[in-house]
Amino acid sequence: MKLVVHIGGPKTGTTSIQNICALQRHRLAQQGILYPRSLGETKHELAAVCATPFLPGFTTAKVPGITSPQALDAFRIDTARQLQAEVDASGCDTLLISNENLFEKTRSQADLDRFFSFLPAFDSVRIIAYLRHQVDFAAGVFSELVRMGTAETRQKFLNSDRSRTLIDYYGALAVWADRFGDRAVIARPYDRAQLSDGDSVVDFLGIMGIDRAVLDDDRVTAIRRSRQRLDLDATAFLEAFNGALETELARRGQKGRMRAYKHIDHRTLVVDALERLASSGTLFSLSRAQAADVMRQVKAGNQALERRFNIALPPPPRVGPAGKSRVSSKDMLRHFAAMWIETDFPLP
C-alpha cells in the first residue's frame, strides 16, 4: 500500500481539502484512495493524537476519555485495529491521511515512531505540505486563536515556544525527509502565482491524481467559501475582550473555566457578528517590528528549506507601521453596539 500524509500546514486551505475528501470519500475510493473514517470523520485528529506522547492540554482535549499515558497506549492499539480493518475492507491501494496538527506535533524521530506504530504496512510514502510566508502565517494563526478565545496577547504568542515551532518550516519537513529521503517530501508554496489554477485544493488534487470532477458539486462550492481572517479592529477588540474575561474569571476564582467559555453558544454569536462586521475592514496583520522579528527568526531555516526542498516561499505580505494592539473605551462601546445589531437573535 502507498501512504500519503498531508500535514497542512495550518492556514493553507487544509480544512477545505479535508472537507472535500470526506464529502467525496466514495469517489476517492473508486480511484483507489482510502480516506479513512477510523482516524476522524473529516480531520484525522486521531492520527496526531496517536503520534504525540500524552499531553493533557492536547490529548484530552481531542479525546476526552484519554486521561493517562496508559490510556493513550491502549487507544493506539485500538485505533490500529480499526484502521487495519478499514484498509482490509476498502480494496484501495493508497491510504491518505490529513491533519495539520502533524505539522506541529511530529518534530522528532520518536514522534514518527509513534505515528507509524499504529499504521498498516506500506510500500512507499509521500509527505505533502503547503507553506505560506511565516509573517502572514503567524498573523493568521493568532487571528484564529483570538477567534477561538485565547487570552494571550499577540506579542506573548509571537514570543512563545509554540509560535517558534510553527514558523520553523525546515524543522517540520526535515524530520520526515531524514527518514524517507528528500524526494518523499512535496513542499508547495501557498502562493496563487505558483499553485495549479492559483488554488491549493486544485493543486492537491493534481498531486494526488484525483479527478477534478469531485469539485463539481454544490456542497463542495459551499465548503470552499473560505472563512476570512478577522479585520484589524475586530482582532484588537477580541484580544482585549478575551484578556478582560480571563482577568474577571481570575478575580472570581474561576480562571479554570476559561476553556469552557471558549465553546459556549453566546461566544459563537459574538464571533459570528464580528465576522460580518469585519467584511469591509483591513485584515489583521503583524506590525512592521513584529514582522521583522519573525523574518529574522526564520531566515536561516528558510534558506535551508529552499536549498533542500527546492521551494520558493511566497514573498512577505505588506504589513502596517504598528498595527492596532489597544482599543479605547469608545472603541469597545462601538463594537458592543455593532455586535448587538449584528448578532443573529430572533426579532419580535
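In what follows, the structure referred to is the one given above.
Residues numbered from 1 in each chain as written. Predicted model: local features only at pLDDT ≥ 70, side-chain atom pairs only at ≥ 80, totals over all residues. Heavy atoms only, no water.

### Quick look at the overall build of the protein chain
Here comes step 1: Regarding its fold elements, the protein chain presents 18 helices and five strands.
Here comes step 2: Residue pairs in contact within the protein chain that sit at least 24 positions apart in sequence constitute 79% of those at least 6 positions apart. (Helix = DSSP H or I, 4+ residues; strand = E, 2+ residues; numbered from the N terminus. Contact = heavy atoms within 4.5 Å.)

### Concerning the packing of helix H7 (residues 109-117) against helix H11 (residues 169-180)
Here comes step 1: Their axes nearest at 10 Å, the elements H7 and H11 cross at an angle of 70 degrees. When the interaxial angle is binned, H7 and H11 end up roughly perpendicular. Note that H7 runs across H11; the crossing there is right-handed. Residues Gln109, Leu112, Asp113, Phe115 and Phe116 of H7 touch H11, and the partners they reach there are Val175, Trp176, Asp178, Arg179 and Phe180.
Here comes step 2: Each residue belonging to the contact of H7 with H11 can be placed in one class, and the counts come to six nonpolar, one polar and three charged. (Axes fitted to C-alpha atoms, helices over the stretch in contact; angles between N-to-C directions. Parallel < 35°, antiparallel > 145°, perpendicular 65-115°, else oblique. Left-handed = near helix turned anticlockwise from the far one by under 90°. Nonpolar A, V, L, I, M, F, W, Y, C, P; charged D, E, K, R; others polar.)

### Digging into the pattern of salt bridges
Here comes step 1: Under the criterion given, the structure shown has 23 salt bridges.
Here comes step 2: For Lys62, the salt bridge is made with Glu45, and the minimal N-O distance between the two is 3.3 Å. Taken together, the positions of Lys62 in helix H4 (residues 59-62) and Glu45 in helix H3 (residues 45-51) put the pair 17 residues apart, joining distant regions of the chain.
Here comes step 3: We note a salt bridge from Asp161 to Arg164, for which the minimum N-O separation is 3.8 Å. Taken together, the residues span about one helical turn, with Asp161 and Arg164 both in helix H10 (residues 161-166) at a distance of three residues.
Here comes step 4: Taking relative accessible area as the criterion, Asp161 reaches 62% and is therefore assigned exposed. (Salt bridge = Lys/Arg side-chain N within 4 Å of Asp/Glu carboxyl O. Buried < 20%, exposed > 50% of the residue type's maximum accessible area, 1.4 Å probe, protein only.)

### Some words on the packing of aromatic side chains
Here comes step 1: Taken as a whole and judged by the stated rule, the model has 13 aromatic pairs.
Here comes step 2: With a centroid separation of 5.3 Å and an interplanar angle of 70 degrees, the aromatic rings of Phe116 and Phe180 are classed as edge-to-face. Residue Phe116 is found in helix H7, and its partner Phe180 is found in helix H11; the two are separated by 64 residues along the sequence.
Here comes step 3: Residue class for Phe116 comes out buried when judged on its relative accessible area of 13%. (Phe/Tyr/Trp six-rings, centres within 6.5 Å; stacked < 30°, edge-to-face > 60°.)

### As for the sheet that holds strand E5 (residues 185-189)
Here comes step 1: The strand order across the open sheet formed by five strands is E2-E3-E1-E4-E5, and the pairing between neighbours is parallel. Two strands in the sheet have a free side with no partner beyond their single neighbour: strand E2 (33-34) and E5.
Here comes step 2: Alignment of strand E1 (residues 2-6) against strand E4 (residues 124-131), held across five bridges, turns out to be parallel. Its bridge partner lying in E4, His6 is registered against Ile128. (Pairing = 2+ DSSP bridges.)

### Details of the nonpolar core
Here comes step 1: Formed by 68 residues in total, the largest nonpolar core has its most connected members in Ile7, Ile97, Phe115, Leu173 and Trp176.
Here comes step 2: In terms of residue count, the dominant contributor to this core is helix H8 (residues 134-148) (eight residues).
Here comes step 3: Beyond its immediate sequence surroundings of up to four residues, Leu173 is in contact with Ile7, Ala129, Leu131, Val185, Ala187, Leu305 and Phe309.
Here comes step 4: Grouped together as the second largest cluster of nonpolar side chains are 22 residues, Ile33, Leu195, Met208 and Leu215 included. (Core = buried A, V, L, I, M, F, W, Y, C linked by side-chain atoms within 4.5 Å.)

### Concerning the pairing of strand E3 (residues 94-98)
Here comes step 1: Buried residues dominate E3, accounting for five of its five residues.
Here comes step 2: Of the two faces of E3, the one carrying Thr94, Leu96 and Ser98 and the one carrying Leu95 and Ile97 are both buried.
Here comes step 3: Pairing geometry for E1 and E3, over five bridges, is parallel. Note that in E3 the partner of Val5 across the bridge is Ile97.
Here comes step 4: Where E2 and E3 come together, two bridges link them in parallel fashion. Note on E3: the bridge partner recorded for Leu34 is Leu95.

### Remarks on the environment of Asp233
Here comes step 1: With respect to the helices, strands and loops of the structure, Asp233 is situated in helix H14 (residues 232-251).
Here comes step 2: Considered as a pair, Asp233 and Thr282 are 49 residues apart in the sequence and their alpha carbons are 8.1 Å apart.

### Some remarks on unusual backbone geometry
Here comes step 1: For the bond from Gly8 to Gly9, the omega torsion is -5 degrees, close enough to zero to count as cis.
Here comes step 2: Located in the positive-phi region is Lys11, a residue other than glycine, with phi close to 65 degrees.
Here comes step 3: With respect to the element layout, Lys11 can be found in the loop between E1 and helix H1 (14-23).
Here comes step 4: With relative accessibility at 32%, the residue Lys11 sits in the partly exposed group.
Here comes step 5: One non-glycine residue, Asp197, lies in the positive phi region at around 55 degrees.
Here comes step 6: With respect to the helices and strands, Asp197 occurs in the loop between E5 and helix H12 (200-208).

Function-wise, these values are silent; they only describe arrangement.
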